[in-house]
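Letter by letter, the chains look like this.
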Amino acid sequence: MSAKKSGKSASQKAITFLLILQTILIGVNAENRLQQGDSAIEVLMWMINQCIPVLKQARSLQEKQKKSLLPTHRRSEEQ
């Protein structure tokens, strides 16, 4: 059972790392846009639009994790 638990932990860490990397890349791209002459408000709006899918992904993963932790009888009740 502990092998399964550590496997989940490793995949969660990998997903977390990828979400953080995606967010960092959005920031780098925003910096580039500012240097190219885009206004700060345009870049801020662009960043918000780029971050929304990242936040949705994080929430979806969180909900999947929460459901996987529920006892089997509770999962069938919620569906």
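Bear in mind the structure is a predicted one, so any value in this text is a computation, not a measurement.

Draft legend 1. Spotlight on the overall build of the chain. Within the chain, the secondary structure is distributed over 3 helices and 0 strands. Along its sequence from the N terminus, the chain presents helices and strands in the succession α-α-α. By the burial criterion, 9% of the 79 residues in the chain qualify as buried. Just so you have it, the chain exposes about 6,700 Å², and 60% of that area is on carbon and sulfur atoms.

Draft legend 2. How the structure looks around the confidence of the model for the chain. Per-residue confidence for the chain gives a mean pLDDT of 82; residues scoring 70 or more make up 80%. Taking the mean pLDDT of every element in the chain, the minimum, 56, falls on helix α3 (residues 72–78) and the maximum, 89, on helix α2 (residues 40–69).

Draft legend 3. Examining the pattern of salt bridges more closely. Inspection of every chain in the model, using the stated rule, returns 2 salt bridges. Among the ionic pairs, Asp38 bridges to Arg33, the shortest N-O distance being 3.2 Å. With relative accessibility at 24%, the residue Arg33 sits in the partly exposed group.

Draft legend 4. Region of the structure containing the nonpolar core. Of all hydrophobic cores here, the largest spans 6 residues; its members are Leu19, Ile26, Ala30, Val43, Trp46 and Val54. Every element with two or more residues in this core is listed here: α1 (2–35) and α2. Apart from residues lying up to four places away in sequence, Leu19 is in contact with Val54, Gln57, Ala58 and Leu61.

Draft legend 5. Expanded view of a nonpolar patch on the surface. Among the surface-exposed residues, Ile41, Leu44, Met45, Ile48 and Ile52 lie close enough to one another that they form a single nonpolar patch of about 470 Å² accessible area. The residue Ile52 is located in helix α2 in this model. With relative accessibility at 37%, the residue Ile52 sits in the partly exposed group.

Draft legend 6. Inspection of α2 at higher detail. Taking 1.5 Å of rise per residue, 30 residues should cover 44 Å, and α2 covers 42 Å from first to last C-alpha, within 8% of that figure. Largest kink in α2: about 25 degrees, centred on Cys51, with the proline Pro53 one to four residues after it. Turning to α2, its buried residues are Val43, Trp46 and Val54.

Draft legend 7. Spotlight on the environment of Glu31. Following the sequence through the fold, Glu31 ends up in helix α1. Separated by 12 residues in the primary sequence, Glu31 and Val43 have C-alpha atoms spaced 8.4 Å apart.

Conventions used here
The numbering scheme is per chain: residues are counted from 1 as the chain's sequence reads. Only residues with pLDDT of at least 70 get local features here, since the model is predicted, and only at 80 or more are side-chain atom pairs given and counted; chain-wide, interface and lining totals rely on the full set of residues. Excluded from the side-chain calculations are hydrogens and water; all other atoms, namely the structure's heavy atoms, are used. Each helix is a run of DSSP H or I of at least 4 residues and each strand a run of E of at least 2, with the numbering of both proceeding from the N terminus. Think of it in three bands: with a 1.4 Å probe and only protein chains considered, a residue is buried below 20% of the maximum accessible area for its type, exposed above 50%, and partly exposed in between. To be clear on the numbers: accessible area is Shrake-Rupley with a 1.4 Å probe, and residue cover counts the displayed protein chains and nothing else. Confidence of the predictor at the level of single residues is captured by pLDDT, which takes values from 0 to 100. Definition used for salt bridges: Asp or Glu carboxyl oxygen within 4 Å of a side-chain nitrogen of Lys or Arg. Joining through side-chain atoms within 4.5 Å is the link that ties buried Ala, Val, Leu, Ile, Met, Phe, Trp, Tyr and Cys residues into a set, and such a set is a nonpolar core. Two residues form a contact once any of their heavy atoms are found within 4.5 Å. Nonpolar side chains (Val, Leu, Ile, Met, Phe, Trp, Tyr) are joined into patches within 5 Å and like charges within 9 Å, using only residues with over 30% relative accessible area and no salt bridge. To estimate the expected span of a helix, subtract one from its residue number and multiply by 1.5 Å. To get the bend at any residue, fit one axis to the seven residues that end at it and another to the seven that begin at it, then take the angle between the two axes.

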